[in-house]
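The residues making up each chain are set out below.
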Amino acid sequence: MTDVTGARRADASSSGSTDDQAARRAVAAVWRIESARIVATLTRLTRDFGLAEDLAQEALAEALEQWPSTGVPRNPGAWLTAVAKRRAIDGWRRRERYDERLAAIAHDLEAEQHQATDAPPWDPDRIDDDVLRLVFTACHPVLSREAQVALTLRVVGGLTTDEVARAFLVPTSTVQQRIVRAKKTLAAADVPFEVPERDEFAARLAGVLAVVYLVFTEGHAATSGDEWMRPDLAREAMRLGRVLAALVPDEPEAQGLVALMELTAARFPARTDASGQPIPLDAQDRARWDRTLIAHGRAALARASALAERRGTGRGAYALQATIAECHAVAPSVDATDWPRIVAAYDGLARLAPSPVVALNRAVAVSMAPEPEGGASAALAIVDDLAGDRRLAASHLLPSVRGELLARLGRDDEARAEFERAAQLAQNARERAVLLAKAASRGS
Amino acid sequence: MSKYMLIMRADETGVRAYEQIPFEQVIEAMGRYNEQMMNAGVLIAGEGLSDASEGFVVDFSGEEPLVTDGPYGEIRELFNGFWIIEVASKEEAAEWASRAPLGPGAYLEVRRVNGPEDFPQDNEWIQKEEGWREEQAERAAKG
């Protein structure tokens, strides 16, 4: 019998280190599934996020102690919550603080004891509200982005401090400090445990989405290191995005973000070769793109568009980027890509969030679109206009795009000069090598 | 993260027990379970299968495959449907599986779903299959 069959509940009384490990992994799995709801419930009851997190961790420690011999209880989330509540009561009793919080929790515990063991001990609707409050608390603007990310991954994602540290390639102690400081900051600022008011909601949700997307790009861009956790980090961000989209089903940008992440992640299997070298889009084997994710992402994008339309607003920044990713995802080749649609999406992005990088990407899309609106000359004109932008002065992107366009127009000498300039500016050794090779191929 | 398929199976006791439960109740329990997995962001796909009386069996024991109508006489366990979830560990898959609203006579077989990394990508048949998947996706996109 394998331990996937549920047999672990039946014969959990047997001991041994293998069983201990199995139990520990089972506890970890339960924690991942339940921790957000547990911390959320406790935060509502204690009105203290930091305390709630500590209590939940203590309950987890108790589970690790007990479950290897007693087996995983039938309703593990309720077990953990009950233990944490009891700990809260013990703490207050010790400090002789029989205030209304104690009364609230004690009443709650008592009510649970009267329920059948199999019945859900809590109201799922209220729990979902609590989890949403938890997400907004973890991403509160009084916290730095790093703190928001660390708290979200640990409290909402159920990752351990070690896992968060590994994902971001920082020491565990750094993450610990960030979390401790974040909790203190939240307490000091007296941050209420609530979903923001309507007039504030959009801005706060944008912050929450940005945290999830940051986690995703950290896993996706893999700027340093080659830890196994990093593609998993992108997957974790996708899961968090889906959780969030389920919590706010009417928010087009939450759907848009899910779509963007799924459509981007669909290309992961083709992004690097066997030795880990990055493969550019035009050279990727499209057969290796993940079709399930593409289908999922497109469904989310369709929902995002429908919601935006119902609201009478245009697509948001995530949905627009997802639209671009969708164009790539459904195209059989670079040449057969719907480039005019991509240009239109970049037009929208440039209106919503104008930036020289968006303008440059738009220029690349223009160069791929059919003439006369598109083509290399049309794109070169746009790129030349960007040449004066000081924000791009230190980046290799502008000369490398310009080099590409000049090469396509047969202006080899100018192209070579641009590639060489780009190589000088490139930060990454691998990129520099590619650019120098391009320069060399233009003759000298 | 890996994908796992939760394969629903039931023996005769399970099938009969299932028939006793009001349809509404089944729908609600399953709906609740599905919703939990959706809310946790782990559900990728899932389908149920219609009544076994609409099914048939192709038996490969003889020289020629033999199609037998309806009766599942020789089959003691019925495949009733599946879920595909994406989770961080085998244990997480087991935890979700053990939360399924199923009773005596029901079994969930849990299997990891192979991804591209499980196959040699230079194999011509693997490439052909991927090509087919791509075509399907394009067709779906156009339709």
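Numbering of residues starts from 1 in each chain and follows the order in which that chain's sequence is written. As they are written, the chains are lettered A onward and the ligands numbered 1 onward, keeping that order. Predicted model: local features are reported for residues with pLDDT of at least 70 only, side-chain atom pairs are reported and counted for 80 or more only, and whole-chain, interface and lining totals are derived from all residues. For the side-chain quantities, the full set of heavy atoms in the structure was used; hydrogens and water were omitted.

Chain B appears in an unreviewed UniProt entry as YciI family protein from Agromyces intestinalis. UniProt positions are given in the numbering used here, feature names are shortened, and annotations may be inferred rather than shown by experiment. Turning to chain B, the UniProt record has this under Sequence similarities (unreviewed entry): "Belongs to the YciI family."

As annotated in an unreviewed UniProt entry, chain A is RNA polymerase sigma factor from Agromyces intestinalis. Here chain A is described in UniProt, under the heading Sequence similarities (unreviewed entry), as follows: "Belongs to the sigma-70 factor family. ECF subfamily."

Draft legend 1. Structural view of the sheet that holds strand β2 (residues 43-48) of chain B. All names here are of chain B. At least two bridges found by DSSP between two strands are what make those strands a pair. To qualify as a helix, a DSSP run of H or I must reach at least 4 residues; to qualify as a strand, a run of E must reach at least 2; elements of each kind are numbered from the N terminus. With respect to topology, four strands assemble into an open sheet ordered β2-β5-β1-β6, the strand pairing being antiparallel. Strands at the two margins of the open sheet, each flanked by one partner only, are β2 and β6 (106-112). The average undirected angle you get between the axes of adjacent strands in this sheet is 15 degrees. Pairing analysis gives five bridges linking β2 to strand β5 (residues 78-87), with the strands arranged antiparallel. Its bridge partner being in β5, Gly48 is matched across the sheet by Gly81. The contact definition used throughout considers only heavy atoms, calling two residues in contact when any of these lie within 4.5 Å. Axis definition: a line fit to C-alpha positions, over the contact stretch in the case of helices; interaxial angles, taken between N-to-C directions, run 0 to 180 degrees. Docked against the sheet, helix α2 (residues 23-39) engages β1 (2-10), β2 and β5, running at close to 25 degrees with respect to β5.

Draft legend 2. Spotlight on the confidence of the model for chain B. Residues and elements named next belong to chain B. When pLDDT is averaged across chain B, the result is 82; 85% of the residues are at 70 or more. The pLDDT value expresses, per residue, how confident the predictor is, ranging between 0 and 100. Per-element averaging of pLDDT across chain B places helix α4 (residues 124-142) at the bottom with 67 and β1 at the top with 92. With pTM at 0.82, the complex prediction returns an ipTM value of 0.74.

Draft legend 3. Structural detail: unusual backbone geometry. Residue and element names in this part refer to chain A. Cis rather than trans, the peptide bond between Glu371 and Pro372 has omega equal to 5 degrees. Note on placement: Pro372 falls in the loop between α17 (356-368) and α18 (376-386). Its identity as a non-glycine residue notwithstanding, Arg47 has a phi of 55 degrees, on the positive side. On the secondary structure map, Arg47 appears in the loop between α2 (17-46) and α3 (49-70).

Draft legend 4. Summary view of the nonpolar core. All names here are of chain A. Buried Ala, Val, Leu, Ile, Met, Phe, Trp, Tyr and Cys residues form a nonpolar core when they are joined through side-chain atoms within 4.5 Å. Exposed residues in this analysis have more than 50% of their type's maximum accessible area, buried residues have under 20%, and partly exposed residues fall in between, with area computed by a 1.4 Å probe over protein chains only. In terms of nonpolar packing, the biggest core is built from 90 residues, with Leu80, Leu134, Leu151, Leu153 and Phe216 touching the most fellow members. Those residues within four positions of Phe216 in sequence are excluded, and the remaining contacts are Ala234, Ala237, Met238, Met261, Thr264, Ala265 and Phe268. One finds Ala379, Leu392, Val401 and Leu435 within the second-largest nonpolar core, a separate group that totals 34 residues.

Draft legend 5. The packing of helix α14 (residues 291-311) of chain A against helix α15 (residues 317-330) of chain A, seen in detail. Residue and element names in this part refer to chain A. Packing of α14 against α15 leaves a shortest axis separation of 10 Å and a crossing angle of 140 degrees. In terms of orientation, α14 and α15 fall into the oblique class. Crossing of α14 against α15: the hand is left-handed. Judged by residue contacts, Arg291, Ile294, Arg298, Leu301 and Ala304 of α14 engage Ala319, Ala322, Thr323, Glu326, Ala329 and Val330 from α15. Charged residues are taken to be Asp, Glu, Lys and Arg, nonpolar residues to be Ala, Val, Leu, Ile, Met, Phe, Trp, Tyr, Cys and Pro, and polar residues to be all remaining types, Gly included. The residue inventory of the contact of α14 with α15, partitioned by class, reads seven nonpolar, one polar and three charged. Note that the term roughly parallel is reserved for angles under 35 degrees, roughly antiparallel for angles over 145, roughly perpendicular for angles of 65 to 115, and oblique for everything else. Note: crossing handedness is left-handed where the near helix turns anticlockwise from the far helix by less than a right angle, and right-handed where it turns clockwise.

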